[in-house]
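# Summary of the model geometry
Read off the chains here:
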Amino acid sequence: MTRLKGAPEALAGAYDQALLDLDGVVYLLSQPIPEAAATLAALPGLDCDPVFVTNNASRSPRVVAEALRGMDIPAEESQVLTSAQVVAEILRDRLGEGARILVTGSEALRAAVESQGLTAVTDPKAAQGIGYGMIPTLTWRDLADLTIAARNGAMWVATNLDATLPTPDGPLPGTGALAGAIATALGRGPDVVAGKPEPGIYRSALARKPGARAVMVGDRPDSDIEGANRAGIDSLLVFTGVVTPRQALALPPEQRPTYLGWSLAALTEPHPEPDWNEEVDRIMCGGWTAVLQGKEIRLSGQGAELDAWRALCELSWAAADMTGYDPAVAPIPVGEAAEKLLAS
């Protein structure tokens, strides 16, 4: 029955490799997550190698690593994997070295393409492949050339299909939004997508340490966590980004993580495992108990707040799968501690 796993000691100690999303996990916009520097510094002592995995193709691995070090977060260029690198690897593998590639996007994407022995071209009718990413200066002409190249048979590989990107002004149109405009003109989407949740970026990350046991750390269930599930690796969902514990109660099966954590620091912490009773209608975690009664889940007890959310998520997911329980129904608090937690 158990969907969430436990870890009796520091979670990272059970893994050889930690794949780390950036925005919402290591930093938020341009500000580092408070626990990030200490957590990353602790990973070598736990024999767990970090790989910073990002759908952002606008910056090179060197620039990303420099930016992280500027936040006092230990990072080397060799530890960064961008979707631009994966696009280039896919095009090389599918088309061979020397293939002519129309690059629509950043200089970092162009550099990644050329580093794989591919030839960047500007004539859409001469292109055998397309490396597509987004930059703020992208024009109608760029999108039109991509459409022409794809219509003429060039393989269209996109960095990601993220509909939005985070900004100080709120979410704004992302790579996927502009890909939608191309798809409208072309009548179809990309041939291959490199970034999360698609498998390409996970394969590339795992290839850096063959045979390693990896855990993905992310804040986006529909990207980081779903991709980890597709790749067959464990995942840690953290609440420093786009999702809250209450929202996690309603996650569909493909977006459910292996572990929950308030932040990246959860890699250095133990994780209690939710414990089912024999009747499979009650879960205990820490000092909390979640019980399914009819069409309601009731929470009682006290203790660490995250243990309560572990119990609630575990029961909510199982009840939704097996009994038709509606996870949008708010849990019922029983006792002062539960009332305080669920009111926050």
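For the structure given in this document, a descriptive report is provided here. Residue positions are given per chain, counted from 1 along the sequence in the order it is written. Totals for whole chains, interfaces and linings use all residues, but because this is a predicted model, local features are given only for residues with pLDDT of at least 70 and pairs of side-chain atoms are given and counted only at 80 or more. Computation of side-chain values: all heavy atoms of the structure, hydrogens and water removed.

## Side note on the overall build of the chain
Helix and strand assignments come from DSSP, with helices taken as H or I runs of at least 4 residues and strands as E runs of at least 2, each series counted from the N terminus. Helix and strand counts for the chain stand at 11 helices and 20 strands. When we talk radius of gyration, it's over C-alpha atoms, and the globule rule is simply 2.2 Å times the number of residues to the 0.38. A compact globule built from 344 residues should have a C-alpha radius of gyration of about 20 Å, and the chain, at 22 Å, falls within 12% of that. With the principal axes as the frame, the chain shows a C-alpha extent of 70 × 45 × 40 Å. Expressed as a percentage of the 344 residues in the chain, the buried residues total 49%. Throughout, a residue-residue contact means that at least one pair of heavy atoms, one from each residue, lies within 4.5 Å. Expressed as a percentage of contacts within the chain between residues at least 6 apart in sequence, the contacts between residues at least 24 apart total 69%. Accessibility here uses a 1.4 Å probe with only protein chains present; expressed as a share of the type maximum, an area under 20% marks a residue as buried, one over 50% as exposed, and anything in between as partly exposed.

## Description of the sheet that holds strand β8 (residues 129-132)
The strands making up a sheet associate through backbone hydrogen bonding, with each pair oriented either parallel or antiparallel. In this description, strands pair whenever DSSP reports at least two bridges between them. Within the open sheet, the five strands sit side by side as β7-β6-β8-β9-β12. Their pairing is parallel. Both edges of this open sheet fall to β7 (119-121) and β12 (192-193), since each of them pairs with a single strand only. The pairing of strand β9 (residues 155-158) with β12 spans two bridges and is parallel. From the neighbouring strand, Val157 faces β12, where its bridge partner is Val192. Against the sheet, helix α4 (residues 107-115) touches β6 (100-104), β7 and β8, its axis set at about 165° to β6. To get an axis, fit a line to the C-alpha atoms, keeping to the stretch in contact for a helix; angles then go from 0 to 180 degrees between the N-to-C directions.

## Focus on the packing of aromatic side chains
Put simply, two rings from Phe, Tyr or Trp (the six-membered ring, in Trp's case) pair if the centres are within 6.5 Å, and we call them stacked under 30 degrees between planes, edge-to-face over 60, tilted for the rest. For the coordinates displayed, the defined rule picks out three aromatic pairs. Geometrically, the ring pair formed by Tyr132 and Trp156 is edge-to-face, given 6.1 Å between the ring centres and 75° between the ring planes. Separated by 24 residues along the polypeptide, Tyr132 in strand β8 and Trp156 in strand β9 bring together distant segments of the chain. When its relative accessible area of 0% is taken as the criterion, Trp156 is described as buried.

## A short note on helix α6 (residues 175-186)
Expected helix span is given by 1.5 Å per residue-to-residue step, counting one fewer step than there are residues. End to end, α6 covers 16 Å across 12 residues, agreeing with the expected 16 Å (1.5 Å per residue, within 8%). Inspection of α6 places Thr175, Gly176, Ala179, Ile182 and Leu186 among the buried residues, and these make up the whole buried set. End-on, the buried residues of α6 take up no more than an arc of 110°, which puts them together on one face. For α6, the secondary structure elements touched by its buried residues are β8, α5 (140-151) and β9. To be clear, the arc concerns the directions from the helix axis to the C-beta atoms.

None of this, on its own, says anything about what the molecule does.
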